[in-house]
Each structure stands twice: as structure tokens, then as C-alpha cells.
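# Results of the structural survey
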2 protein chains.
Amino acid sequence: MALKDVVSGVRNEEGISTVLGILKQRYGERFQTGQAFREQHSHTTSYLPSQLPDGVVFVESSGDVQDVVKLCAAHHVPIIPFGTGSSLEGHVNAPSGGISVDFTRMNRILAVNAEDLDCTVEPGVTREDLNTYLRDTGLFFPIDPGANASIGGMTATRASGTNAVRYGTMKDNVLSLTVVTADGEEIRTAQRARKSSAGYDLTRLFVGSEGTLGLITSITLRLQGIPEKISGGVCAFPTLKDACDAVIMTIQMGVPVARIELLDERQIRACNAYSKLSYPERPTLFVEFHGTEETVSLQARQFADIAAEFGGDSFVHTTNPEERAQLWKARHNAYWASRALAPELGALSTDVCVPISRLAECVAATQDDIREHGFLAPIVGHAGDGNFHVLLLFNDKVPAELEKAEAFISRLNQRALAMDGTCTGEHGIGQGKIGYLEQELGSALPAMRAIKKGLDPDNILNPGKVFRF
Amino acid sequence: MALKDVVSGVRNEEGISTVLGILKQRYGERFQTGQAFREQHSHTTSYLPSQLPDGVVFVESSGDVQDVVKLCAAHHVPIIPFGTGSSLEGHVNAPSGGISVDFTRMNRILAVNAEDLDCTVEPGVTREDLNTYLRDTGLFFPIDPGANASIGGMTATRASGTNAVRYGTMKDNVLSLTVVTADGEEIRTAQRARKSSAGYDLTRLFVGSEGTLGLITSITLRLQGIPEKISGGVCAFPTLKDACDAVIMTIQMGVPVARIELLDERQIRACNAYSKLSYPERPTLFVEFHGTEETVSLQARQFADIAAEFGGDSFVHTTNPEERAQLWKARHNAYWASRALAPELGALSTDVCVPISRLAECVAATQDDIREHGFLAPIVGHAGDGNFHVLLLFNDKVPAELEKAEAFISRLNQRALAMDGTCTGEHGIGQGKIGYLEQELGSALPAMRAIKKGLDPDNILNPGKVFRF
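Everything numeric in this text was worked out from a predicted model, so none of it was measured.

### Quick word on helix α17 (residues 434–441) of chain B
- Within α17 of chain B, six of the eight residues are buried, which leaves it mostly tucked inside the rest of the structure.
- Restricting attention to buried positions, one finds in α17 of chain B the residues Ile434, Gly435, Tyr436, Leu437, Glu440 and Leu441 of chain B.

This is the structure:
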């Protein structure tokens, strides 16, 4: 969080006005300039102030995208791609105005190749829609950020979620993309083969480029077989360090956990209060295994042994779907349970990720900081990846409170950087973390800028995001 | 294979001569211009003609690399990074002359973080050296191309090998890099955290960039725990299609095979003759499982059931290391067994990779082509990835034979491209596949060129590779 990084760019009034006129004529009701549409397409899910686009175009095909990009390029007007607007760092704000390209109507599933465990979708398909569609094929797409985000947005921000420890992040699950570049041409980054060493890895370059290098028009994704059995369980530990040590050992021993989530004692207390549960109010791991009857029970036994070694309670787990949902209830409701602690306050989610050996140390130091400064701030972590979120609850209407929150986030990010970690495991840079990216990868910024300049010399693609350009 | 793509660039005689003089003075015995050194550092492992660098500098530190790059940049002299010279597509040739930067002496293991399952090495460390070093830690690095390649070279070419079906390729196993860019600055592409969405994925951009965007000076790698148990086995099938169908089913059912290699009947015959073995002379899968006693035996049972379903012989497997080596002998000796079929002929390895559902069809059509044109050409495939190599044996001294081989490779690559496959699963583009990359990803080449131009505007980094620039 760094409000100083949210700059307002220079507006090209003449170009914008020309483009608005042409889009209105060309797209009719598919182009909207009303205040409500513009507000809805600026940043609404974060602490960052909204910066409205001048209009919103609802594209329905690659051809539309090419058309809009060519028009905006000709008149040097910014283009801001929009999926569901669930990103957290101001990614869809329009600091220099321009056109929001809404992908909601590009929501077709173009192909499912069940034998190859892959599919190709348009960017507006949401992860939940995709999984509903796939259910009958016996396949699923495992990446699960908190929101029901669009696949296009998840690709653009290199999203992940609770399953990443087993299935990786978007970078590991995108096989190929089609992308409309700043010149309005559509390119394909790779064939559908599982493996390739054919030229530069443009697929991975566009994954996580946050709309600043091109507009994604289709995504070919790896899929996974729906596990025959899923086993879920819960285990409380005496201390945070014990819980983290159990995670490290689980990963080191190669136990293929599908999920291993850490909730700190404050988060557990919040969940107990919110959902009338009675978990022991200690640091707790929520664990899930995917496999066959045999393999999940084997994994559960392996994990139980590890947990016991670090003083964990006896590991309660089940393959019964209802019981599993009950066991995992605290994890699923964590966000709302935290918000309920103080419904009148705003909430802000941090996103550091550190090498797993430093996780306990980083979380503990962060808890100390929270206590010392009197924050209300539960912690939920994707512990297997070393990634954790502090949900900072504070009155974001009071400048002094906001400043205090900014200082806390700065300390947290510095702490993670000092441990060879990152300021963002899965949320991306957007506007809010531009300053932290400079601190984290300053030496690499000239190379990032050179790439941006090579691919978008006029800086029309989502300007004002990722870095100062 | 496309000799027409091996062009000789324009030589900057004045710059080269200046740089030679300065390097001689600065590096003494660490700079060599003798014919033998220069020949050894041009391309010796492929059918492509050698194009010698003007001198070879043996760098010992990042500082040396920066120094050499700054010097060459100032005088517009090409720089060709050199690991072990085991690449296959002319990657280390010097079509415009210039300086070969030999990384052999940058072979330190800089850090092993056992708790985090990662390590950081200099580029000259070979994969075998790394694994020897790691043995006592209980960890290993799984990527295993045929040669004992350097980690730097493997990173630069996005290498893989037999373990990729389980552990991925270099793109999945590099966490972070330091790289000296064309301006002589050293950059770091990522922190050591397992997961990040901090800015453009430069790590993945440099992986597979074949020395054309920067010189890699250190690599942080993911490591794996050495499996408690390894089980290896062999199974012959009535037809190639049956063998491939068994592979598809194995992958689809999520059986976590560590290796699943296909040898066609001709390759098996060659192995039987070479090593005095008596495998049934039919398409055969060599399979390996990594895990605990319990999980490998479970996996072996799952695979045996699948194999039986597709008419496979009864699946013979063992966890005894000596017996396992004996069972897998044919696979390990495949290359030399093939060469022994006609020791007087040259050999050339192709590298297509297709979506796994098309593997049987692609291999079968390729076998038909081999038969029809009377080639001696056994096939070995990393079947789980859809990647296979035809070892084409022919008299490369006879122009008509070379032409016939080129035509065969062209048909093979077209066949793979038509199936949404790639002309190179793991060998890279180098010089030999420049024309095929144009066919495969033509729409993306302007973007690749824009990136190259952004990062190396004077084209001094390994010029004449990957694409025409």
C-alpha cells in the first residue's frame, strides 16, 4: 500500500474525445460512458482511490479487441483490460483516463481436449463457470484465488490460491495464449504441446504482465483429473513455529498435500465467534489430500506422524464431503469472520511470500508488530508456499489510520524482502506496490522497461501499472 | 535441420581485432585464440558446419562476465556463451565471429538451502556434479538431458529429459537468475520465494533465450527429496498405439510416474543386438516410480492394470537397484545401440513434441515415412510429455543423403505442427530450427524481435540464433 504510487497521468483529451465518438458509433449499446458504468470499471475492491475510465466497451470477439486497440493506438488513448474487477492493487484504474475493455461477454469455452488434459477458453470465463462446465468430463481447473475471478484476469495477474502448493500458479497452468499486442495484431505464444523450447517464452512473459504488454484473447489451460478421493483435516499446534515446522517437514518429505493452510490464533478466534465453532484457539493447519482411497489415507497418516512430532493435536480428517466441509468451515469463512470482528472498519489484504524456512519467523515478527501497534489483523497463510495474508482492519477514512497502516505494510514488506521474499505472492503490483517492486527487483526494472518499450512504445496498454515508465 | 538457416554474418573486423588485443592483455592464459580452442568452442556435436569464434575467454566471476560484455559492447563484437558445448542446434557457433565466453571455471555451488529445497549455483556446474554434491543432503536435481550439460546451458536452452513428466522442465525448476545484460549490468530476476507475482517474469524469459538476451551468471534451482524408494519396470505392447494409449491413461488417471519412456520396435532390436539382451521386439515402455515402499508399489499396480487393459505383457518391475538397472539397460544404452547399427554413418536427433493424444498417430506416421524412404532411424520418446526423438542415421558426407534427411525432418516437423505440436520439445532453436520457428510461431516473431531489440539493440548477444534479426 503506497498511495504515493497512485499517480494521475496526463490525459490526452483530444485523442480520448475522438475515440469516444468513434466507439459510440461503432459499438452502440456495447459502448457505455455513463457514470455508473465508469465507476464500476474503476477500482472498487481496494483502498486505492477510484480513477475512472472515459468509457467501457463490451468486446465480443478477438476482432473487437483488435479494432479497439487499433483505434486507441492511432489516437494514443489508454486501454485498460477488465475481467471481473476483483484484483486488489488498482489494476483496473485509469490514471490517464482511456477505454476500459470489458471481457465479460467473451466467455465461451472454445475447446476441451479431455485426452490431453487441457482446454481453451476466452478471457471472460470465470473459474467457477469453467469448473461447472468441466464437471462431467472428470476434469477440473485447480487455481482458486479468493474471488470468482475471470481466467483472463487470473492470467494477467499470475494468480494462485490454496491449491498452488500442489498444482502451481497460473504460470504453471497456462500452456498457450493468444494476445492482441499494442499494434492491434493478434499473436499466438505457443502450440498446445505440453513442453517446448521453441523461442522466447512469451506465454510466461504475458502471464503476470497485468495488461501492460497486450490484451489476452484466449487462454489454453492445463487441467487435472478430479481426484477419486479428497480427504480434509485440521490440526492445532502449541505454537506458530510448531505449525510452520510441520509444514516444512511435510513439503520436505514430499507428501503431495493439495492444500495446507495456516490460520493464526486470532483468526481462529474470529472464526469461532463468527460461525459458532469451537476450534482450539491456537495456530492451526487446514490440510487437504487428493488421490485414491489408498493414497489419501497414506498421506493423512504421514501428515499425522509429522504433526505429532511437532506437538500437534491428534489429526482429525475425513473423506466424507459433508464432514470435510464442516472441518474446513473456519478456513472457508475466514475472510468474513475477520470482517465481522469490526464491520465498521475497512479491510486491506497484504501478500508477502518468503522461503518456507523463514515462514515461522516472518509470521511471528508480523504478529509482534500487530500487537505492538494495536492492530486488529488476523493472518491466513498458504503455508506450503510461504505465502501469507494479513487482513488489516482499520478506519481507512481517517488519514492518520491510513498512514499507520501504510507504515505497517512497509515494515511487513521490508521484512519479507530481507528474508529473500517478495512483496506479492499472488496479488500483483498494480498501482499499490510500484514502490515495493522497485525495492524488490530494482536491478531488473531497466530490463522490464525495455521490454515494455519494445512491445508498447507509446505506453497505451494499462499505463501507470507495475512500474513508473 | 535446415542448412540454409546457418548464415554467416558480417564480421566487424576492426572491433574484433581491438577486443582480441585488450582481452589478451587483461586475461593472459585465461584468453585463448589458438585453433584448437576455437574449434572446440564452435559447434562440434551436430551436423551443422562449425563457425569458429575468434577467441575464448575463461571467466571466473560475474565481474569477469560484466567486464567482457562491456568491452564487446563498446566495440560491437559478438559474445557467445559456452557451457559444455553439448547443445545440438548450433547454439555455440559464431556466424559473425566474436568471443566465446567459457563458463567452465564458474562452477561453484554458492548455496544449498536444504529446508527450502533450493540451491544457487554458477552456470558452469554440470548436472552430474550438482547431484554428486547434493547426495549427502538427501536432495537431488531431477532435470536430466542426455549429456552431462552445464546448468547454465540447460537454463539457456530450456532443457528437460526423462524426468520431465513428473518434475517439469527447466522453466519449472528455476526460481531466480542473475544475468549480465547487453549493457554489462548484472540484474536479478526474482527473489528466492517459491511464488511471486512481482512484475514481468524475467526468469522464464531468460530460460530458453539461448544466450541472445543476456549471460546467466547464477541460477537458483528447485530441488527434490531423493525418493525413499525407486521402482523401475518394463512392459512390451502389441502395437505402438497400445503403448501410447497406456501412457495417455496413466497420465489421465494421475498416476505420478517419474519416467515413462517409449522405445519403438527398431530401437528394441538395436538394444538387443548391442547389449545381448532379449527384450520382446515390440514397442516397449520403460517406467519408473518415485516414492515410498507403499506408494511405488501402489503406482506399479495401477500401471500394471492399465498396461493389461491395452494388451501389454505382464509388467515386470523391481525396487532392487541392480535389477532395476538391468531392466532399464536398453533405455540407458539406446543412443549407443542405435549408433552401433551403422557406426560408419552420422547421426542426427530430431525433437518434435505433440499433444499426447496425437502421439501414437505422429509416431506411427513417422515410422511409415522412415520405412517408405528406407531410413535407418530408431525412435525413443519421452512419451508422458508427447516428445520423441528419431535418431536418423545417414551419410552426412553425401549431399544427396543430407538433402534426403532434410526433407524427412521437414516432413516430420510439419506433421507435428499440424497436430498443434512443436518442432522442438527440449533441444531449442539455435541455428538449425530458425525456419521451423517461423512456421510454428510466425505471428509471435515480431514480439520476440521487439524484446530482443529492447534488451540487445546492437545484437551482440549470440547473434544468428533463434530468429533472423
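### Observations concerning the domain arrangement of chain A
Residue and element names in this part refer to chain A.
- One can read the domain layout of chain A as domain 1 (3–104 + 449–455), domain 2 (109–225) and domain 3 (227–427).
- Opposite the 14 residues of domain 2 that make contact, domain 3 presents 16 residues.
- For the pairing of domain 2 and domain 3, the buried interface totals around 1,100 Å² over both sides, and the portion due to carbon and sulfur atoms is 45%.
- Ranking the residues of domain 2 by area buried against domain 3 places Thr162, Val165 and Arg166 at the top, with a combined share of 51%.
- In this assembly, domain 2 and domain 3 are joined by one salt bridge.
- A salt bridge links Arg259 to Asp144, with the nearest nitrogen and oxygen atoms 3.0 Å apart.
- Our enumeration of links across domain 2 and domain 3 arrives at eight residue pairs in polar contact (both at pLDDT 80 or more).

### Comments concerning the sheet that holds strand β1 (residues 31–32) of chain B
All names here are of chain B.
- Read across the sheet, four strands follow the order β1-β2-β4-β3 without closing on themselves; strand pairing throughout is mixed. The open sheet terminates on both sides in strands that have one partner only, identified here as β1 and β3 (79–82).
- Contacts from helix α3 (residues 62–74) reach β2 (55–58), β3 and β4 (99–102), with the element oriented near 170 degrees to β4.

### Some thoughts on unusual backbone geometry
- Phi at Lys276 of chain A is positive, roughly 50 degrees, even though this residue is not glycine.
- Tracing the sequence through the fold places Lys276 of chain A in the loop between α10 (265–275) and β14 (284–291).
- If you check the backbone angles, Asn462 of chain B has positive phi at about 45 degrees while not being a glycine.
- Structurally, Asn462 of chain B can be placed in the segment after α18 (445–455).
- Given a relative accessible area of 3%, Asn462 of chain B falls into the buried group.

### A short note on the interface of chain B and chain A
- Each partner contributes to the interface: chain B provides 77 residues, whereas chain A provides 77 residues.
- Summing both partners gives a buried area of about 6,300 Å² for chain B against chain A, and 57% of it is carried by carbon and sulfur.
- The largest share of the area that chain B buries against chain A comes from Lys195, Ser197 and Tyr200 of chain B, three residues that together contribute 15% of it.
- Put simply, chain B and chain A have 10 salt bridges between them.

### What to know about the relation of the copies chain B and chain A
- The two copies are related by a screw operation: chain B maps onto chain A through 180 degrees of rotation and 0.0 Å of translation along the axis, at an RMSD of 0.0 Å. Both chain copies can therefore be described as sitting about a two-fold axis.
- Both copies contact each other with a shared surface, as 100% of the interface residues of chain B are interface residues in chain A too.

Cut-offs applied
Residues numbered from 1 in each chain as written. Chains lettered and ligands numbered in written order. Predicted model: local features only at pLDDT ≥ 70, side-chain atom pairs only at ≥ 80, totals over all residues. Heavy atoms only, no water. Buried < 20%, exposed > 50% of the residue type's maximum accessible area, 1.4 Å probe, protein only. Helix = DSSP H or I, 4+ residues; strand = E, 2+ residues; numbered from the N terminus. Domains from an automatic or database assignment. Contact = heavy atoms within 4.5 Å. Buried area = accessible area lost by both parts, 1.4 Å probe. Salt bridge = Lys/Arg side-chain N within 4 Å of Asp/Glu carboxyl O. Polar contact = N/O pair within 3.5 Å; in protein donor to acceptor, adjacent residues only side chain to side chain. Pairing = 2+ DSSP bridges. Axes fitted to C-alpha atoms, helices over the stretch in contact; angles between N-to-C directions. Least-squares fit on C-alpha atoms with pLDDT ≥ 70 in both.

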